[in-house]
Amino acid sequence: MINISSPAFTEGEIIPSKYTCDGENINPPIEFSEIHESAESLVLIVTDPDAPDGEFTHWIIYNIDPKDANIREGKSPAKAVEGLNTAGQSGYTGPCPPSGSHRYYFKIYVLDIKLEIPAGADRRKIEEAIAGHVIDQAELMGRYEKI
């Protein structure tokens, strides 16, 4: 089963402000291990289910190469494709809750296909495309409360 972790924070702990709107607003490093040998691609979706207007998508990145899957701080994996977040932007948008502590889920999906979707797809389009092709998945949850 795939594992997802970050050297920046552990499961259920506080995401350092460097990776939020209070800091540099860059993506944290994310590491994957035990990726299924038949994986063709990976999809990472980062969400905030505690957002006041409903779940907010902070980052979508797909067609991540399973052989070079670790994500470096502030970088997207080579050849991976970014979708649109809830704000209609491509790329990472860090945690920035309007009030209180929010949970942020970094969800990784292991697929048996590579997605044939152009850059800028929204979450609905990605979820439709991966339906029936997820062979493994995992998540890492961090918390953040705006300074």
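Remember, predicted model here, so these are calculated numbers, not experimental data.

### Section: the side chain of Asp136
Then, number 1: Note on placement: Asp136 falls in strand E7 (residues 134-145).
Then, number 2: No salt bridge is formed by the buried Asp136. Its closest oppositely charged neighbour is Lys107, at 14 Å.
Then, number 3: Among the polar contacts listed, one links the side chain of Asp136 to the backbone nitrogen of Ile2, at a separation of 2.7 Å.
Then, number 4: The contacts of Asp136, once residues within four sequence positions are left out, are Met1, Ile2, Ile108, Tyr109 and Val110.

### Concerning the pattern of salt bridges
Then, number 1: In the structure shown here, the tally under the stated rule is five salt bridges.
Then, number 2: Note that Glu73 is salt-bridged to Lys18, the shortest N-O span being 3.1 Å. Of this pair, Glu73 sits in the loop between strand E4 (56-64) and strand E5 (81-82) while Lys18 sits in the loop between strand E1 (3-5) and strand E2 (31-33); the two residues are 55 residues apart in sequence, bridging distant segments of the chain.
Then, number 3: Overall, the relative accessible area of 33% leaves Glu73 in the partly exposed class.
Then, number 4: Salt-bridge contacts for Arg123 lead to Glu127; the nearest nitrogen and oxygen are separated by 2.8 Å. Here Arg123 pairs with Glu127, and both are found in helix H1 (residues 123-130), just four residues apart, close to one helical turn.

### Examining the state of the cysteines
Then, number 1: In this structure the tally under the stated criterion is one disulfide.
Then, number 2: Two residues share a disulfide in this structure: Cys21 and Cys96, whose sulfurs sit 2.1 Å from each other. For the disulfide bridge between Cys21 and Cys96, the dihedral angle about the S-S bond is near 80°, and by the sign convention the bridge is right-handed. Taken together, the positions of Cys21 in the loop between E1 and E2 and Cys96 in the loop between E5 and strand E6 (101-111) put the pair 75 residues apart, joining distant regions of the chain.
Then, number 3: Assessed through its relative accessible area of 29%, Cys21 is described here as partly exposed.
Then, number 4: On the accessibility criterion, Cys96 (37% relative accessible area) is partly exposed.

### Some remarks on the sheet that holds strand E3 (residues 41-48)
Strand pairs in the sheet, formed through backbone hydrogen bonds, run parallel or antiparallel to each other.
Then, number 1: Read across the sheet, five strands follow the order E5-E4-E3-E6-E7 without closing on themselves; strand pairing throughout is antiparallel. Because the sheet does not close on itself, it has two edges, and the strands there are E5 and E7.
Then, number 2: Inspection of the sheet shows E4 paired to E5 by two bridges, in the antiparallel sense. Within E5, the position partnered with Ile61 by the bridge is Glu82.
Then, number 3: Contacts from H1 reach E3, E4, E6 and E7, with the element oriented near 140° to E3.

About the criteria used
- Residues numbered from 1 in each chain as written.
- Predicted model: local features only at pLDDT ≥ 70, side-chain atom pairs only at ≥ 80, totals over all residues.
- Heavy atoms only, no water.
- Helix = DSSP H or I, 4+ residues; strand = E, 2+ residues; numbered from the N terminus.
- Buried < 20%, exposed > 50% of the residue type's maximum accessible area, 1.4 Å probe, protein only.
- Lys, Arg positive; Asp, Glu negative; His and termini not counted.
- Salt bridge = Lys/Arg side-chain N within 4 Å of Asp/Glu carboxyl O.
- Polar contact = N/O pair within 3.5 Å; in protein donor to acceptor, adjacent residues only side chain to side chain.
- Contact = heavy atoms within 4.5 Å.
- Disulfide = S-S within 2.5 Å.
- Pairing = 2+ DSSP bridges.
- Axes fitted to C-alpha atoms, helices over the stretch in contact; angles between N-to-C directions.

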